[in-house]
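Residues per chain are reported as follows:
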Amino acid sequence: MTQISAGERDRADSLANCRDKFIIPDGLIYLDGNSLGPVSHTAISRIHQAVTHEWATGLVRSWNAAGWMDLPLSLGNRLAPLIGAPADTVIVTDTLTILIAKLLANALALRPDRHVIVTDGDNFHSDFYIADGVAAATRREITVRRTTRAALAEALDDDVAVVLLTHVDYRSGELLDMRGISSCVHEHGALMIWDLAHSTGAVPLNVLDDGADFAAGCGYKYLNGGPGAPAFAYVAPHWLASLTNFLPGWLGHARPFDFDSTFEKASGIRALVTSSPSVVGLSALAGALDAFDDVSLDDIRRKSLDLTDFFIAEVEGRLPGLFELVTPRDHDRRASQVSWRHDEAYGIVQALISRGVVGDFRAPNIARFGFTPLYLSFQDVEVAVSHLVEVMRHREYADPAYRQKNPVT
Ligand SMILES: Cc1ncc(COP(=O)(O)O)c(C=O)c1O
């Protein structure tokens, strides 16, 4: 059992007052911000502003007057420091899967004599689907090679055009070594794309220094941009001039309002844009990013590790031997979630949700809990584990109601 009490930890927590930025229903312990972050007061007021002033009053004039057209780039510039990117290298648009498609196609175009996309066999399924889809859409013989993380170096040869990896494993929360892997990929002349879905806003990132050629991430997880929030993409400065978009559209044109029938790409990161910006979604994300204005990612990281250490120690101390820890113990390899393997994981998660402790389930047998330092306290963790103890003691997970699989798990 841990020695410093949850209360003492909370009293020493420099991020404790950040919780007031968010709306967390009374009595709820929300351990799923790695799936969908909660709404913040600033997100609500920014959405309100976009709808009731800019849209309702400004109408079409707001494309100019409210800067709607610039939102993908202006928001990209606000987000850039969170991933260690320079100005004008990040764009906010589309969804993550679409952006990965665009980045993959662009990388393949930059390596015209190579024929292989390498990815991790444990990657998120959408990344597999879109890699296969992009490979099929090119008019070249492209193969998608799935490897294991341990065998990545052996999977690299001079036919590999691009490697696509997710920086933080969505099941286990394992954090990969961005710098080491990017450098190994470059030694083989290939390009590196990082999926930052489970990293952005949770761990300090340095895409520029750590050698990412391209990266993309979600707006709706740790960034709290709301359900289906727009995603973002990063393109390293030295690739901006040669950037191509295999889904060209009018807003990726150099002069959209020339209505030119021939495509001429916009300069820089704007070339990745295809269509009209989703203004309400972008506004929600803009408001949500305010929550990061006065906090450092190093402080977030420190508290995240403390929270996850505390959770692991509490579960193992109070329920010894019941769960298999899937998440690495090593701080250098752990992001901001803790996953446990258990045959009854689905029912356990459902029983916890009924008790007001929200985590989620990932097939086949993983109970997953996300820890967001901006609104979670150590007392939340302690109470969550007390509920887990009760769920296990009374076998609440065996209730038939908790075996009913929901469409979203
Ligand atoms: C690692 C990873 N990649 C890609 C995606 C897909 O994101 P989107 O729905 O924005 O396409 C997700 C969604 O959760 C994810 O976790």
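Residues numbered from 1 in each chain as written. Predicted model: local features only at pLDDT ≥ 70, side-chain atom pairs only at ≥ 80, totals over all residues. Heavy atoms only, no water.

**Structural notes on the sheet that holds strand β5 (residues 160-166)**
With mixed pairing, 7 strands are arranged side by side in an open sheet as β2-β8-β7-β6-β5-β3-β4. Single-partner strands in this sheet number two, and they are β2 (90-93) and β4 (143-147). Direction aside, the axes of adjacent strands within the sheet are offset by 20 degrees on average. Sheet topology places strand β3 (residues 116-120) next to β4; 5 bridges connect them, and they run parallel. Pairing of Val116 across the sheet is with Thr143, part of β4. In the packing of helix α6 (residues 125-137) onto the sheet, contacts are made with β3, β4, β5 and β6 (191-195), and the angle to β4 comes to roughly 155 degrees. (Pairing = 2+ DSSP bridges. Helix = DSSP H or I, 4+ residues; strand = E, 2+ residues; numbered from the N terminus. Axes fitted to C-alpha atoms, helices over the stretch in contact; angles between N-to-C directions. Contact = heavy atoms within 4.5 Å.)

**Things to note about the nonpolar core**
Counting 131 residues, the largest nonpolar core has Ile83, Leu104 and Trp194 as its most contacted members. With 10 residues, the top contributor of residues to this core is helix α5 (residues 96-110). Viewed by domain, this core spans two of them, domain 1 (6-30 + 296-403) and domain 2 (45-292), each represented by three or more residues. Excluding residues that lie within four positions of it along the chain, Leu104 makes contacts with Ile117, Ile130, Ala131, Val134, Val162, Leu164 and Ile193. (Core = buried A, V, L, I, M, F, W, Y, C linked by side-chain atoms within 4.5 Å. Buried < 20%, exposed > 50% of the residue type's maximum accessible area, 1.4 Å probe, protein only. Domains from an automatic or database assignment.)

**Details of the site of the ligand**
In the neighbourhood of the ligand, the contacting residues comprise Thr95, Leu96, Thr97, Phe124, Asp127, Thr166, Asp195, Ala197, His198, Tyr220 and Lys221. Contact between the ligand and His198: an oxygen atom at 2.8 Å from a side-chain N or O atom of the residue. Out of a free accessible area of 400 Å², the ligand has 85% covered by protein chains. Residues that form the shell around the ligand fall into these classes: 4 nonpolar, 4 polar and 3 charged. (Near = heavy atom within 4 Å. Polar contact = N/O pair within 3.5 Å; in protein donor to acceptor, adjacent residues only side chain to side chain. Areas by Shrake-Rupley, 256 points an atom, 1.4 Å probe, with all protein chains shown as cover. Nonpolar A, V, L, I, M, F, W, Y, C, P; charged D, E, K, R; others polar.)

**Let's talk about the pattern of salt bridges**
Enumeration over the complete set of coordinates arrives at 27 salt bridges. Note that Asp293 is salt-bridged to Arg78, the shortest N-O span being 3.5 Å. Taken together, the residues span a long stretch of sequence, with Asp293 in the loop between α9 (279-289) and α10 (297-318) and Arg78 in helix α4 (residues 71-83) at a distance of 215 residues. Arg329 is the salt-bridge partner of Glu316, the closest N and O atoms lying 2.7 Å from each other. Placement of the pair is Glu316 in helix α10 and Arg329 in the loop between β9 (324-325) and β10 (337-341), with a sequence separation of 13 residues. (Salt bridge = Lys/Arg side-chain N within 4 Å of Asp/Glu carboxyl O.)

**Focus: the domain arrangement of the chain**
Structurally, the chain comprises domain 1 (6-30 + 296-403) and domain 2 (45-292). Inter-centroid distance (C-alpha atoms) of domain 1 to domain 2 is 30 Å. In this assembly, 24 residues from domain 1 lie in contact with 19 residues from domain 2. Of all residues in domain 1, Leu297, Ala335 and Gln337 give up the largest surface area on contact with domain 2, accounting jointly for 29% of the area buried on that side. Across the domain 1-domain 2 interface, the total number found is 1 salt bridge. Inspection of the region where domain 1 meets domain 2 yields 10 residue pairs in polar contact (both at pLDDT 80 or more). Within the residue set of the side of domain 1 that touches domain 2, elements represented by two or more residues are α10, β10 and β13 (366-370). (Buried area = accessible area lost by both parts, 1.4 Å probe.)

**With respect to the packing of aromatic side chains**
For any pair of aromatic rings, the description consists of the separation of the ring centres together with the inter-plane angle of the planes. Per the stated rule, a full pass over the model turns up 12 aromatic pairs. Look at Tyr346 and Phe361: their rings are 5.1 Å apart centre to centre, the planes differ by 90 degrees, and that puts the pair in the edge-to-face class. Placement of the pair is Tyr346 in helix α11 (residues 345-354) and Phe361 in strand β12 (residues 360-362), with a sequence separation of 15 residues. Like Phe361, Tyr346 is buried. By way of ring pairs, the aromatic residues Phe311, Phe323, Trp340, Phe369 and Phe371 are connected into one cluster. Its end group placed over the ring of Phe128, Arg146 keeps NZ or CZ at 3.7 Å from the ring centre. The ring of Tyr346 carries Lys405 above its face, with NZ or CZ at 5.0 Å from the centroid. (Phe/Tyr/Trp six-rings, centres within 6.5 Å; stacked < 30°, edge-to-face > 60°. Lys NZ or Arg CZ within 6 Å of the ring centre and 35° of its normal.)

**Topic: the pairing of strand β7 (residues 214-217)**
Residues Phe214 and Ala216 line one face of β7 and the alternating positions Ala215 and Gly217 line the opposite face, and both faces are buried. Inspection of the sheet shows β6 paired to β7 by 3 bridges, in the parallel sense. By the bridge assignment for β7, Trp194 is matched with Ala215. Relative to strand β8 (residues 231-235), β7 runs antiparallel, the two sharing 4 bridges. Its bridge partner being in β8, Ala216 is matched across the sheet by Ala233.

**Remarks on the sheet that holds β9**
Backbone hydrogen bonds are what pair the strands of a sheet, in a parallel or an antiparallel way. With antiparallel pairing, 4 strands are arranged side by side in an open sheet as β9-β10-β13-β12. Each edge of the open sheet is held by one strand with a lone partner, namely β9 and β12. As defined by bridge partners, β10 adjoins β13 across 5 bridges and the pair is classed as antiparallel. Paired with Gln337 across the bridge in β13 is Gly370.

**Some thoughts on helix α12 (residues 378-393)**
Across its 16 residues, α12 extends 23 Å between first and last C-alpha, which sits within 8% of the 22 Å expected from 1.5 Å per residue. What α12 keeps buried is the set Phe378, Asp380, Val381, Ala384, Val385, His387, Leu388, Val389, Val391 and Met392. Turning to α12, the residues buried within the fold contact α1 (6-11), β1 (29-30), α10, α11 and β11 (357-358). The positive-phi residue at the C-terminal boundary of α12 is Arg395, with phi of around 50 degrees. (Expected span 1.5 Å × (residues − 1).)

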